[in-house]
Amino acid sequence: MYKPARIIDAHMHLLTAGTHAVKLRRMDELNPRLQEAYRRRWHDSLTSRREAEPEAEPADVRTVAGRWESALDAAGIERGVFFTSPNYHDDLLTFIALNPDRFVGYTTFDPTDRSSADRLRRQIAEHGVRGLKLYPMAFGFYVDDEACDAVYEVCDAAHLPVVIHFGISISAIQDLRYGNPLDLAGPALRFPSVTWIIPHFGAGFFREALLVAAQYRNVCIDTSSSNNWTRWTPDQPALADLFRRALDAVGPDRLIFGTDSSFFPRGYRTNILNDHLAVCAGLGLPPEQIDGIFGGNIRRILDGYAQATRA
Ligand SMILES: [Zn+2]
């Protein structure tokens, strides 16, 4: 099976003692039934894949950075793009500073908050943050809300890609009303130079993700996670169907590989890397297209501007 020499994983999550403490505090404020629903969804999802639960006490950020360096080495991954918890950025900023050649950091917050644009500007200038991850279903906003535009303007000026989680989520406390990728039509039109990325093939809104990405050339699709959302769709497409239809709709240059690796002891999700490589081999994609999907496309987005400004 063909495996590219240079792979970038464009979808990973940083979990540390710091992010865990923030999460526990947020969970404490929730209705007990929602807390129970949250835990049950996680448990069901992991047991359906025969995966172990995350460790109860995640390690400090330096230990986690060392583990990820080893895990990326072992899996043959050149760089990982890491997301953090909403409104807790300290560990992410420390993490990317520990190994900036290896760890790419995307920040996360509520973009309708009036202080967000300034905070984003500072994190780009002072800490080298390279992208934005948005969770409209967690914060209850529509990505088309013009209150977000100040943040999108910063992304536009700094050439930052914006990854937006749409569709079903492993977090059972999120509000699906804000999760339709069609909401991206407005921002994609208002900010045609921004690269917008829809993860997990739309996580249930596959049709909508394909339509938006086919309509707007600045929209990409990421392949990450087990994509087990297909269990809850009427037609239950296979992983190969997701790749084939996405390639038909947007071509090989706008499909971006990721695993959604996040916690230890599970570590790097090599099984997902191998599944996605096998699907691409099975579809008969030429090596140069596989190189793009597994690294070249996101490298162009992350490094293209830096190279252009150095030239
Ligand atoms: Zn994710």
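Further remarks concern the overall build of the protein chain. When helices and strands are tallied, the protein chain shows 12 helices and eight strands. Taking 19 Å as the expected radius of gyration for a compact globule of 311 residues, we find that the protein chain reaches 18 Å, a close match to that expectation. Each principal axis of the C-alpha atoms in the protein chain carries an extent, and together these give about 50 × 45 × 40 Å. Within the span of the protein chain, comprising 311 residues, buried residues form 53% of the whole. Considering only residue pairs separated by 6 or more positions, the protein chain has 77% of its internal contacts joining residues 24 or more positions apart. For the protein chain, the exposed surface amounts to about 13,800 Å²; the carbon and sulfur share of it is 50%.

With parallel pairing, eight strands are arranged side by side in an open sheet as β1-β2-β3-β4-β5-β6-β7-β8. At either margin of the open sheet sits one strand with a lone partner, and together these are β1 (8–13) and β8 (255–256). In this sheet, strand β4 (residues 131–134) lies alongside strand β3 (residues 103–107) in parallel orientation, the contact comprising two bridges. Its bridge partner being in β4, threonine 107 is matched across the sheet by leucine 132. Contacts between helix α3 (residues 61–75) and the sheet are confined to β1, β2 (79–83) and β3, with β3 contributing the most and set at about 120° to the helix. Lying over the sheet, helix α4 (residues 90–98) contacts β2 and β3, oriented at roughly 155° with respect to β3.

A word on the packing of helix α9 (residues 206–215) against helix α10 (residues 239–250). Orientation of α9 relative to α10, taken along the N-to-C sense of each, is 25°, at an axis distance of 9 Å. The orientation of α9 with respect to α10, classified from their angle, is roughly parallel. In this structure, the crossing between α9 and α10 has a hand that is right-handed. Contacts between α9 and α10 involve Phe206, Leu210, Ala213 and Ala214 from the first element and Asp241, Leu242, Arg245, Ala246, Ala249 and Val250 from the second. Of the residues in the contact of α9 with α10, the class split is eight nonpolar, no polar and two charged.

This part is about unusual backbone geometry. Going from phenylalanine 264 to proline 265, the amide bond is cis rather than trans, its omega being 15°. Here proline 265 lies in the loop between β8 and α11 (270–282). Even without being a glycine, alanine 203 presents a positive backbone phi close to 45°. With respect to the secondary-structure elements, alanine 203 resides in the loop between β6 (196–198) and α9.

Enumeration over the complete set of coordinates arrives at 14 aromatic pairs. Taking the centre distance of 4.6 Å and the plane angle of 50° together, the rings of tryptophan 68 and phenylalanine 264 count as tilted. Here phenylalanine 264 lies in the loop between β8 and α11 and tryptophan 68 lies in helix α3, a separation of 196 residues in the sequence. We classify tryptophan 68 as buried; its relative accessible area is 0%. Ring centres of phenylalanine 82 and phenylalanine 95 lie 4.7 Å apart, and the angle between their planes is 70°; this geometry places the pair in the edge-to-face category. Of this pair, phenylalanine 82 sits in strand β2 while phenylalanine 95 is found in helix α4, placing the two residues 13 residues apart along the sequence. Given the relative accessible area of 0%, phenylalanine 82 is considered buried. With a relative accessible area of 0%, phenylalanine 95 lands in the buried category. Put simply, the rings of Trp68, Phe82, Phe95, Phe103 and Phe264 pair up and form one aromatic cluster.

Definitions and limits used
- Residues numbered from 1 in each chain as written.
- Predicted model: local features only at pLDDT ≥ 70, side-chain atom pairs only at ≥ 80, totals over all residues.
- Heavy atoms only, no water.
- Helix = DSSP H or I, 4+ residues; strand = E, 2+ residues; numbered from the N terminus.
- Rg over C-alpha atoms; globule rule 2.2 N^0.38 Å.
- Buried < 20%, exposed > 50% of the residue type's maximum accessible area, 1.4 Å probe, protein only.
- Contact = heavy atoms within 4.5 Å.
- Areas by Shrake-Rupley, 256 points an atom, 1.4 Å probe, with all protein chains shown as cover.
- Pairing = 2+ DSSP bridges.
- Axes fitted to C-alpha atoms, helices over the stretch in contact; angles between N-to-C directions.
- Parallel < 35°, antiparallel > 145°, perpendicular 65-115°, else oblique.
- Left-handed = near helix turned anticlockwise from the far one by under 90°.
- Nonpolar A, V, L, I, M, F, W, Y, C, P; charged D, E, K, R; others polar.
- Phe/Tyr/Trp six-rings, centres within 6.5 Å; stacked < 30°, edge-to-face > 60°.

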